[in-house]
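# Summary of structural features
So the chains spell out like this:
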Amino acid sequence: MDTPTIYDVSRLSGVSTATVSRTFTAPDRVREETRRKVLAAAEALGYQPSAIARAMARQQTDKIAFLICKEGATILDEFYASICEGVMRRANSTSYQLLISTAADWQRTGQSKQIEGVILAGDAEPSLISSFQRQGVAVVLVNHRASGFELPSVVAVIDHLTAYGHRRIALLAGRFSSYITSVRYNAFLTAMQEHGISVDDSGIVMCGRDVESATQASVELLRRPERPTAVFAFNDVLAAGVIKAATRLGLRVPDDVAVVGFDDSSSCTLLTPELSSVHVDCRRMGEICLEQLTALLNGDTEVPRLTVVPVSLRTRASSIRL
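Residues numbered from 1 in each chain as written. Predicted model: local features only at pLDDT ≥ 70, side-chain atom pairs only at ≥ 80, totals over all residues. Heavy atoms only, no water.

What the protein contains, in helices and strands, is 12 helices and 12 strands. When the 322 residues of the protein are sorted by exposure, 52% land in the buried category. Counting only contacts in the protein whose residues sit at least 6 apart along the sequence, the fraction spanning at least 24 positions is 72%. Of the roughly 14,800 Å² of accessible surface on the protein, 49% is carried by carbon and sulfur atoms. (Helix = DSSP H or I, 4+ residues; strand = E, 2+ residues; numbered from the N terminus. Buried < 20%, exposed > 50% of the residue type's maximum accessible area, 1.4 Å probe, protein only. Contact = heavy atoms within 4.5 Å. Areas by Shrake-Rupley, 256 points an atom, 1.4 Å probe, with all protein chains shown as cover.)

Structural data, given as structure tokens:
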């Protein structure tokens, strides 16, 4: 029989390898219930504390990683860069070394997998999550349903638009991750129903993620006989496409069509008119991610499975009739 490893103890006890390490090297930093689970697993496997200590001396790295899991993303992606800033702020007050990368680069370059924990931002592939779990690495997901942050913000947008008399409100939905798409789509439908506004297929249009795709889809939408008087776009890039399409058709924003985006990115104040958008406190999301990851690494078994970060609507000229 092979000699048990620290990963075996991690899997059997249901905690990270970092927690196994602390159980034997710094037990005062581990919850009593967690210590009992680790010790029981080690005993069941016939794994001696001295062997664990030696293994951890070789394997413990005090490294954690932040990986952006988005097709074509770079570490300069504004939304995830803001989340990363929050992670960095919290990490600076810990002893952990933070590695930052995209998931694609991490896998392509074969970076060292000797990390204790990882934050996966965006649409993380199940195979990537499983890979980390098999290694006993603690995982926190952000902007993804399995264990992350929901953004139930569309209700605020619909409230704003209906307050200005809009009844024909269209949704421009980009082809993002299945989680983001379903959450924002369902929130839109729920909010419309709560305001007694019917929604049919003509009021929901799909497009790609880029401005040109959004512009083409919006031109078709705004040419319809029953043209919507307002459009809510999945993000600010798509909203820019709506404004571009309206200009191309000779329509005025917001007099002929109001436009609201999502993310409150830096581009909002560069557009004409300036774009109303849902503001997400990305830095706070990052801070919470690091707090939860640290809790997992310290053996906390009561970390919330789902945390909702509040959002707000930043109202600008694109949705207010002067």
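Our focus in this paragraph is the sheet that holds strand β3 (residues 117–122). The strands that make up a sheet pair up through hydrogen bonds in the backbone, lying either parallel or antiparallel. Here we have 4 strands laid out as an open sheet, ordered β2-β1-β3-β4, and parallel in their pairing. The open sheet has two edge strands, β2 (97–102) and β4 (138–142), and neither has a second partner. Taking each pair of neighbouring strands and ignoring which way they run, the sheet shows an average axis angle of 20°. Helix α7 (residues 126–134) contacts β1 (63–69), β3 and β4 of the sheet and is inclined by roughly 170° relative to β3. (Pairing = 2+ DSSP bridges. Axes fitted to C-alpha atoms, helices over the stretch in contact; angles between N-to-C directions.)

Moving on to the pattern of salt bridges. Inspection of the entire model under this criterion finds 17 salt bridges. For the salt bridge of E85 with R89, the shortest nitrogen-to-oxygen distance reads 3.1 Å. Placement of the pair is E85 and R89 together in helix α5 (residues 78–91), with a separation of 4 residues, close to one helical turn. Given the relative accessible area of 28%, E85 is considered partly exposed. Each of E85, R89, R90, R283, R284, E287 and E291 takes part in a single network of salt bridges with overlapping partners. (Salt bridge = Lys/Arg side-chain N within 4 Å of Asp/Glu carboxyl O.)

On to the nonpolar core. Counting 68 residues, the largest nonpolar core has F66, I83, I119, L172 and F188 as the members making the most contacts within it. A per-element tally of this core places helix α12 (residues 282–297) first, with 9 residues. Sequence-distant contacts of L172, defined by excluding residues within four places in its chain, comprise V205, C207, A214, A217, S218, V231, F232, A233, F234, L238 and V242. In this structure, L67, A103, L120 and L141 belong to the second largest nonpolar core, which totals 16 residues. (Core = buried A, V, L, I, M, F, W, Y, C linked by side-chain atoms within 4.5 Å.)

The contact between helix α1 (residues 6–13) and helix α3 (residues 32–45) brings their axes to 9 Å, and the two run at 125°. Taken as axis vectors, α1 and α3 run oblique relative to one another. In this structure, α1 meets α3 at a crossing whose hand is right-handed. Across the interface between the two elements, D8, V9, L12 and S13 from α1 touch K37, V38, A41, A42, A44 and L45 from α3. Taken together, the residues of the contact of α1 with α3 break down into 7 nonpolar, 1 polar and 2 charged. (Parallel < 35°, antiparallel > 145°, perpendicular 65-115°, else oblique. Left-handed = near helix turned anticlockwise from the far one by under 90°. Nonpolar A, V, L, I, M, F, W, Y, C, P; charged D, E, K, R; others polar.)

A few words on the sheet that holds strand β10 (residues 276–280). Ordered in space as β7-β6-β8-β9-β10-β12, the 6 strands form an open sheet in which the pairing is mixed. Of all the strands in the sheet, the pair left with one neighbour each is β7 (204–207) and β12 (311–314). Averaged over all adjacent pairs, the angle separating strand axes in this sheet is 20°, with direction ignored. Bridge analysis of strand β9 (residues 258–263) against β10 gives 4 bridges, and the strand direction is parallel.

Put simply, V253 and P254 share a cis peptide bond, and its omega is 10°. By the element assignment, P254 lies in the loop between α11 (236–248) and β9. Cis geometry is adopted by the peptide bond preceding P273, which originates at T272 and carries an omega value of -5°. Along the chain, P273 turns up in the loop between β9 and β10.

On to the packing of aromatic side chains, then. Pairs of aromatic rings are described using the distance from one ring centre to the other and the angle between the two planes. If you walk through the whole model with that rule in mind, you get 2 aromatic pairs. Considering the side-chain rings of F79 and Y80, the 5.1 Å spacing of their centres and the 90° angle between planes classify their relative orientation as edge-to-face. You'll find F79 and Y80 in the same group, each marked buried. If you follow R184 out to its NZ or CZ, it ends over the ring of F262, 3.7 Å from the centre. (Phe/Tyr/Trp six-rings, centres within 6.5 Å; stacked < 30°, edge-to-face > 60°. Lys NZ or Arg CZ within 6 Å of the ring centre and 35° of its normal.)

A separate point is the pairing of β9. Taking burial as the measure, the 6 residues of β9 include 6 buried ones, the bulk of the element. Examined bridge by bridge, strand β8 (residues 230–233) and β9 share 3 bridges and lie parallel to one another. From the neighbouring strand, F232 faces β9, where its bridge partner is V260. Between the parallel pair β8 and β9, the chain is carried across by α11, and the sense of this crossover is right-handed. (Right-handed = clockwise from strand over helix to strand, strands pointing away.)

Right, let's get into the packing of helix α2 (residues 17–25) against α3. At a minimum axis distance of 10 Å, the contact between α2 and α3 shows a crossing angle of 95°. Of the possible angle classes, the one that applies to α2 and α3 is roughly perpendicular. Contacts from T19, V20, T23 and F24 in α2 reach T34, R35, V38, L39 and A42 in α3. Of the residues in the contact of α2 with α3, the class split is 5 nonpolar, 3 polar and 1 charged.

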